[in-house]
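Residue-level structural notes
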Amino acid sequence: MIVTIDGVAASGKSSVSSGVAQALGVPYVSSGLLYRAVTLLGLTAGVDLADAPALLPLLGEVRLEPLASGNRVWNADTDLTADLHSTRVDTGVSVVAALPEIREWVDAQLRALPAPLVAEGRDMGTNVFPHAPHKFYLTASARVRAERRARERPEDIPAIEAALTERDRLDTTQSAPAPDARVIDTGPLTLQGVIDTILTALH
Ligand code: CDP
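Residues numbered from 1 in each chain as written. Predicted model: local features only at pLDDT ≥ 70, side-chain atom pairs only at ≥ 80, totals over all residues. Heavy atoms only, no water.

Here we take up the sheet that holds strand β6 (residues 117–121). Spatial strand order, β2-β6-β1-β7-β8: five strands in an open sheet with parallel pairing. For this open sheet the edge positions go to β2 (28–30) and β8 (182–185), each flanked by a neighbour on one side alone. Looking at each pair of strands side by side, their axes are set apart by 20° on average, direction ignored. Contacting β2 and β6, helix α2 (residues 31–45) crosses the sheet at an angle of about 35° to β2. Helix-sheet contacts for helix α9 (residues 191–202) involve β1 (2–7), β7 (134–139) and β8, and the interaxial angle to β7 is about 155°. (Pairing = 2+ DSSP bridges. Helix = DSSP H or I, 4+ residues; strand = E, 2+ residues; numbered from the N terminus. Axes fitted to C-alpha atoms, helices over the stretch in contact; angles between N-to-C directions. Contact = heavy atoms within 4.5 Å.)

Here it is in structure tokens:
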């Protein structure tokens, strides 16, 4: 069984997916972390983030570890996870995510993982796991999302809101609800409220 949880930037996908996966007793995978890892490795190597042939050779030893408590991404023996949510990765990731070669690489990593699992991202329900029986898509207004993310980032709410709106625009191509996804506006709900809505729909 595969459950897909897609949604816009900072809609709470990771926390919700982790909670749903723990309640179900299955792993969850965060596809965004793989796009972030490619971005970080490209920035570190000084490579043009729009240059897929230059990025792909950096990825040979990248591995996603789908821990229930929070996914980790490794490059050989180096744990990249703590560096994946910096503002410079936030800013560059949509450029990397627009590259078809990189999307194919991420998709292959995800499809190699054994089910059951909860998969979280932008195109899990539409593209990576189109036959998943349970699909959800999380939304919230840009302001609500910026207020949430301000608790994780040392920036003010208007700056975060502007960056989120720009990332939504850049991600439009790959971020649409699957026709059979249930869309949940998380604005009025607590984290537990969103998790419970999904768990109720699964029963
Ligand atoms: O939750 P937030 O949007 O901040 O981050 P994320 O889920 O880690 O995704 C980071 C970026 O990766 C997104 O802005 C997209 O550009 C890209 N992404 C994607 O294109 N497709 C996915 N399935 C997941 C992420």
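There's plenty left to go through after this.
Here we take up the packing of α2 against helix α5 (residues 100–111). Put simply, α2 and α5 touch, their axes get as near as 10 Å, and they point 135° apart. Classified by the interaxial angle, the pair formed by α2 and α5 is oblique. Classified by chirality, the crossing of α5 by α2 is right-handed. The residues of α5 that touch α2, namely those facing Ser31, Leu34, Tyr35 and Val38, are Ile102, Arg103, Trp105, Val106, Asp107, Gln109 and Leu110. (Parallel < 35°, antiparallel > 145°, perpendicular 65-115°, else oblique. Left-handed = near helix turned anticlockwise from the far one by under 90°.)

Taken together, the three strands give an open sheet; going across it, the order is β3-β4-β5, and neighbouring strands pair in antiparallel fashion. Both outer strands of the open sheet, β3 (62–65) and β5 (78–79), are each paired with one neighbouring strand and no more. With four bridges joining them, β3 and strand β4 (residues 72–75) adopt antiparallel strand pairing. From the neighbouring strand, Val62 faces β4, where its bridge partner is Asn75. Relative to the sheet, α2 contacts β3 and β4, its axis offset from that of β3 by approximately 145°.

Okay, the nonpolar core next. In this structure, Leu55, Val73, Ile102, Leu110 and Phe129 are the most contacted members of the largest nonpolar core, which totals 34 residues. Going through the elements one at a time, α2, α3 (52–55), β3, α4 (87–97), α5, β6 and α6 (124–128) are the ones with two or more residues in this core. Among the elements that line this core, the one with the most residues is α2, at seven residues. Excluding anything up to four places from it in sequence, Leu110 contacts Val29, Ser31, Leu34, Met124, Val128 and Phe129. If you look at the next biggest cluster of nonpolar residues, it comprises 16 residues, including Val26, Ile184, Ile198 and Leu202. (Core = buried A, V, L, I, M, F, W, Y, C linked by side-chain atoms within 4.5 Å. Buried < 20%, exposed > 50% of the residue type's maximum accessible area, 1.4 Å probe, protein only.)

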